[in-house]
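Notes for the structure review
Next come the chains, spelled out residue by residue.
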Amino acid sequence: MVTAFASCKETEQSPKDSQTTTTTETTTFVELDSEINPDGTGNTVVGTWVCEETISAKTFYGDYYNSKITKNNVQMCTTYKFNKDGSYSTSVEIINISDVRKEYRSLMVEGARRNVEKEGKYLTTDDVLYYEKYADDILKDICKTTKGTYKIDGNKLVYNNSETEQFAISGNKLTLDKIVLERK
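Reference entry: report on the structure contained in this document. (Residues numbered from 1 in each chain as written. Predicted model: local features only at pLDDT ≥ 70, side-chain atom pairs only at ≥ 80, totals over all residues. Heavy atoms only, no water.)

Before going further, it helps to examine the nonpolar core. Generally speaking, nonpolar side chains in soluble globular proteins are found buried as a group. Formed by 17 residues in total, the largest nonpolar core has its most connected members in Val45, Phe82, Tyr150, Leu157, Leu174 and Leu176. Mapped onto this core, the elements with two or more residues apiece are β3 (47-55), β4 (74-82), β6 (145-153), β7 (156-159), β8 (163-170) and β9 (173-176). Once residues within four sequence positions are removed from consideration, Leu176 is found in contact with Tyr80, Leu157, Tyr159, Glu165, Gln166, Phe167 and Leu181. Listed in part, the 13 residues of the second largest apolar core include Tyr61, Ile94, Leu107 and Ala135. (Core = buried A, V, L, I, M, F, W, Y, C linked by side-chain atoms within 4.5 Å. Buried < 20%, exposed > 50% of the residue type's maximum accessible area, 1.4 Å probe, protein only. Helix = DSSP H or I, 4+ residues; strand = E, 2+ residues; numbered from the N terminus. Contact = heavy atoms within 4.5 Å.)

Further remarks concern unusual backbone geometry. Positive phi is not limited to glycine here, since Asn160 has a value of about 50 degrees. Relative to the helices and strands, Asn160 resides in the loop between β7 and β8. One non-glycine residue, Asn161, adopts positive backbone phi at about 60 degrees. Here Asn161 shows up in the loop between β7 and β8.

These results come straight from atomic positions and should not be treated as a statement about function.
Okay, structure coming up:
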């Protein structure tokens, strides 16, 4: 956003006439840091950006996928929030976490059961609890919020002065290396 302020300035009186002339000068103050909005077009990363997507169970669970256990696609929401002060946060949320947690726990326990049965053994109650907790920990690691700082270097976002990601803004869409988000 660009804000312009007008100021009046009284000029010196001319010795030839006794009239006072007033001129108007315009001073422009740019509210957005030029690093955040380098081209001055108003296309800025500042704001909240969201990507809602449906991921197939086969894609999400990968090698753990089992068509007898996994019946639900995964509804994910990824949010990026860029602040004017150069701070940012990203968060991932699984909208249908109850279904996903139930299926993922079952997948982990089933995988472990198959492995121990090859050795002629059985899972104990403690083993089942261990693999269910392991599944929960993985989901917790996926569904987290990350905070830090960012700078803009040309068409790249530089996170925490180290990681970089290319970006482009077109209207209400922010395209990053691996994701397309919409302004919220």
